[in-house]
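Summary of structural features
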Amino acid sequence: MERRTKGELVTRKSYHHDLLFRISEVKQEKAILHGEDIRLEADAPLDDLVKVEERDLVKRRKKGQEQEEFSYRLFRQDYQLMKEKRDYQSTDGYQYTDYFQLPAKVLHLDGDQMYLRKCIALYQRLGIQVHGVHLNEKEMSFHIRSLIEKIQPDIIVVTGHDSFSKTKGAKDDIRAYRHSKYFAETVREARKVTPNLDQLVIFAGACQSHFESLIRAGANFASSPLRINIHALDPVYIAAKIAYTPFMEKVNVWDALRNTMTGEKGMGGVETRGLLRTGLPYLTDSDQESSESTLEQ
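Below: a short report on this structure. All values reported here derive from a predicted model rather than from experimental measurement.

Attention shifts here to the overall build of the chain. Along the backbone of the chain there are eight helices and 15 strands. Considering the chain as a whole, with its 297 residues, one finds that 49% of them fall into the buried category. A separation threshold of at least 6 residues defines the contact pool for the chain, and within that pool the share at least 24 residues apart is 64%. Carbon and sulfur atoms make up 48% of the accessible area of the chain, which totals about 15,800 Å².

Structure below.
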């Protein structure tokens, strides 16, 4: 049997090589696997794994990048429409564009360091202020209160890896899920600090997560209603939709999901108020100098 090492990219013969995984850990004759593009954690016998050849890897990554770019373009189109509407409402229809905005701040907790880096890059590409923290899913609930007090976020994303195992119980049994109970505990701890769903918006979950438990715990949005896999970047698009919607408007659940790569089968939620606040006027340095000169006279 061929030797397997941590970080190696593999597929599973038993699942017809459907998903790309990287080996997170090797334990005797078994490997712990993390999805390369989806937030799934699984384990598999070493003899079920096949190393991905370079040509196949290039093909898979190209397809993944095309999917990510398509989702990004959809969001940019949505953002442009929101911006035009916001510009008109902020200026009451006049051609006055000197306004300022108070952006929402995101606290992103991620159980996967590689995913966290990819998510932060997307937040930055979307122009969203983010504080990213890498934590093991089991540790998140112990740190969330202090992180909220320190960072004062408007949006929290609680994600990482998860999976459902039918050998451990039925779909309605949270004990049959790898990390769902830890996500739920983290959400409950966050709600002890800020109970109001519109003052602190929370997304929680990963692949196949116990959706109902996460919503009951206090999440505005969560995965996964039909227990399917979600893309690593999907939580970012949920956060971005909330961040760029004016606070006087509600975010329709479908509108929040349509720019994601997974859609309503993988994620759901409740109506939530937007978090973007716009103000007038926007003062430039020359405006400030002119004001100071007037006062001196």
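After presenting the structure, the write-up continues.
On to the sheet that holds strand β2 (residues 21–27). If you trace the five strands from one edge of the open sheet to the other, you get β4-β3-β2-β1-β5, paired in antiparallel fashion. Every interior strand has two partners, whereas the edge strands, β4 (41–45) and β5 (49–51), have only one. Recorded for the sheet is a direction-independent mean angle of 50° between the axes of neighbouring strands. Bridge analysis of strand β1 (residues 9–12) against β5 gives three bridges, and the strand direction is antiparallel.

Here we come to the pattern of salt bridges. Tallied over the full model, the rule gives 16 salt bridges. Here R61 makes a salt bridge to E36, at a shortest N to O gap of 3.4 Å. In this pair, R61 sits in helix α1 (residues 54–90) while E36 sits in the loop between β3 (30–35) and β4, placing the two residues 25 residues apart along the sequence. Since its relative accessible area comes to 39%, R61 is described here as partly exposed. Two residues, E271 and K250, come together in a salt bridge whose shortest N-O distance is 3.5 Å. One end of the pair, E271, is in the loop between β13 (267–269) and β14 (272–273); the other, K250, is in strand β12 (residues 250–251), and 21 residues separate them in sequence. When its relative accessible area of 56% is taken as the criterion, K250 is described as exposed.

Moving on: unusual backbone geometry. For residues besides glycine, phi is generally negative; the peptide bonds are generally trans as well. With an omega of 0°, the peptide bond between S223 and S224 qualifies as cis. Note that S224 resides in the loop between β11 (221–223) and α6 (234–243). Of note in this structure, H17 is not a glycine but carries a positive phi near 60°. Inspection of the secondary structure assignment puts H17 in the loop between β1 and β2.

A few words on the packing of helix α2 (residues 113–125) against α6. It is the contact of α2 with α6, at a shortest axis distance of 10 Å, that shows an interaxial angle of 30°. With respect to α6, the element α2 is oriented roughly parallel. The way α2 lies across α6 gives a crossing that is right-handed. On α6, the residues that touch C119, L122 and Y123 of α2 are V236, Y237 and A239. Of the residues in the contact of α2 with α6, the class split is six nonpolar, no polar and no charged.

Moving on, we come to the nonpolar core. With 46 residues, the main nonpolar core has L33, L49, Y123, L126, I128 and I155 as its most contacted residues. Sort the elements by how many residues they give to this core and α6 lands first, with seven residues. Not counting residues within four places of it along the chain, the set of residues in contact with L126 comprises Y72, F75, V236, Y237, A240 and Y244. By size, the runner-up hydrophobic cluster in this structure holds 24 residues, among which are L135, V158, L200 and A217.

So, on to the sheet that holds strand β7 (residues 105–110). Ordered in space as β8-β7-β9-β10-β11-β13, the six strands form an open sheet in which the pairing is mixed. Bordering the open sheet on either side are β8 (129–134) and β13, each of which pairs with just one other strand. Sheet twist, expressed as the average angle between the axes of neighbouring strands with direction ignored, equals 15°. Its contacts with the sheet place helix α3 (residues 140–151) against β7, β8 and β9 (155–159), and it is angled at close to 160° to β7. Of the strands in this sheet, β7, β9, β10 (201–204), β11 and β13 are in contact with α6, which crosses β9 at around 170°.

To continue, consider α2. In an α-helix, one turn spans 3.6 residues, which is why side chains three or four residues apart end up on the same side. Taking 1.5 Å per residue as the helical rise, α2 with its 13 residues ought to reach 18 Å, and the 18 Å between its terminal C-alpha atoms agrees with that figure. Considered for burial, the residues of α2 that qualify are M114, Y115, L116, C119, L122 and Y123. The N-cap of α2, judged by a side-chain oxygen 2.9 Å from the amide nitrogen of M114 a few residues on, is D112. Phi for G127, located one or two positions after α2, is positive at around 75°.

Cut-offs applied
Residues numbered from 1 in each chain as written. Predicted model: local features only at pLDDT ≥ 70, side-chain atom pairs only at ≥ 80, totals over all residues. Heavy atoms only, no water. Helix = DSSP H or I, 4+ residues; strand = E, 2+ residues; numbered from the N terminus. Buried < 20%, exposed > 50% of the residue type's maximum accessible area, 1.4 Å probe, protein only. Contact = heavy atoms within 4.5 Å. Areas by Shrake-Rupley, 256 points an atom, 1.4 Å probe, with all protein chains shown as cover. Pairing = 2+ DSSP bridges. Axes fitted to C-alpha atoms, helices over the stretch in contact; angles between N-to-C directions. Salt bridge = Lys/Arg side-chain N within 4 Å of Asp/Glu carboxyl O. Parallel < 35°, antiparallel > 145°, perpendicular 65-115°, else oblique. Left-handed = near helix turned anticlockwise from the far one by under 90°. Nonpolar A, V, L, I, M, F, W, Y, C, P; charged D, E, K, R; others polar. Core = buried A, V, L, I, M, F, W, Y, C linked by side-chain atoms within 4.5 Å. Expected span 1.5 Å × (residues − 1). Polar contact = N/O pair within 3.5 Å; in protein donor to acceptor, adjacent residues only side chain to side chain.

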